[in-house]
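Each chain, written out:
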Amino acid sequence: VQLQASGGGTVRGGDSLRLTCAASGRTFSRHAMGWFRQAPGKEREFVAASYWSGNNAIYADSMKDRFTISRDNAKNMVFLQMNSLKPEDTAVYYCAARDTSSSLPVRRASNFSYWGQGTQVTVSS
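Residues numbered from 1 in each chain as written. Predicted model: local features only at pLDDT ≥ 70, side-chain atom pairs only at ≥ 80, totals over all residues. Heavy atoms only, no water.

## Description of the nonpolar core
Then step 1. W35, V47, F67, L80, M82 and Y93 are the most contacted members of the largest nonpolar core, which has 35 residues in total.
Then step 2. Every element with two or more residues in this core is listed here: strand 1 (3–6), strand 3 (17–23), strand 4 (33–38), strand 5 (45–50), strand 7 (67–72), strand 8 (77–82), strand 9 (91–97) and strand 11 (119–124).
Then step 3. Residue contributions to this core peak at 5 residues, all from strand 9.
Then step 4. Y93 has contacts with A5, L19, W35, F36, R37, V47, F67, L80, M82, G118, T119 and V121, leaving out every residue within four places of it along the chain. (Core = buried A, V, L, I, M, F, W, Y, C linked by side-chain atoms within 4.5 Å. Buried < 20%, exposed > 50% of the residue type's maximum accessible area, 1.4 Å probe, protein only. Helix = DSSP H or I, 4+ residues; strand = E, 2+ residues; numbered from the N terminus. Contact = heavy atoms within 4.5 Å.)

## Points about the pairing of strand 8
Then step 1. Pairing geometry for strand 3 and strand 8, over 6 bridges, is antiparallel. Paired with A22 across the two strands is M77, which belongs to strand 8.
Then step 2. Note: strand 7 against strand 8, 6 bridges, orientation antiparallel. Of the residues in strand 8, the one forming a bridge with R71 is V78.
Then step 3. Hairpin connection from strand 7 to strand 8: 4 residues lie between these consecutive antiparallel strands, with N76 at a positive phi of about 55°. (Pairing = 2+ DSSP bridges.)

## Digging into the pattern of salt bridges
Then step 1. Considering all chains together, one arrives at 3 salt bridges under this definition.
Then step 2. A salt bridge links R37 to E45; the nearest nitrogen and oxygen atoms lie 2.8 Å apart.
Then step 3. Judged by relative accessible area, E45 falls into the partly exposed class, the value being 33%.
Then step 4. Between D89 and R66 there is a salt bridge; the shortest N-O distance is 2.7 Å. With D89 in the loop between strand 8 and strand 9 and R66 in the loop between strand 6 (57–59) and strand 7, this pair connects stretches of sequence that are 23 residues apart.
Then step 5. Each of R37, E45, R66 and D89 takes part in a single network of salt bridges with overlapping partners. (Salt bridge = Lys/Arg side-chain N within 4 Å of Asp/Glu carboxyl O.)

## Concerning the state of the cysteines
Then step 1. Counted by the stated rule, this structure contains 1 disulfide.
Then step 2. Note that C21 is cross-linked by a disulfide to C95, the S-S spacing being 2.1 Å. In this structure, the disulfide formed by C21 and C95 twists by about 60° around the S-S bond and is classed as right-handed. Linking C21 in strand 3 with C95 in strand 9, this pair joins segments that are 74 residues apart in sequence. Exposure class is identical for C21 and C95. Each is buried. (Disulfide = S-S within 2.5 Å.)

## Details of unusual backbone geometry
Then step 1. Residues other than glycine seldom take positive phi values, yet N76 does so here, at roughly 55°.
Then step 2. With respect to the helices and strands, N76 occurs in the loop between strand 7 and strand 8.
Then step 3. Notably, S84 is not glycine yet its phi reads approximately 50°, a positive angle.
Then step 4. Tracing the backbone shows S84 in the loop between strand 8 and strand 9.

What follows is the structure, given as structure tokens:
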């Protein structure tokens, strides 16, 4: 699976952004997909994940009221809608795919086998 993230940019606090991750490969629908982010000098942080059906999504507690993950298996895409952005949301955002045979927890970056290149999100105050 190859992943390409896009949709980042520079916005003001309170604005919204929608990130898109386009995936290649015929097995996309069977992968749990995740979004992570990494701010300068910090570890990569879990944001949200969607299981293959798209019906079950989990979020980091600090983001669950503002961010929404969704996926379109027919188009091999996963999205992250981010609302009410804050300066502390500034980071490089990565999409990731967990191996189809894995049942490891999706909150850990190390449990994902495939990664996109990241897209920068900058939120000014």
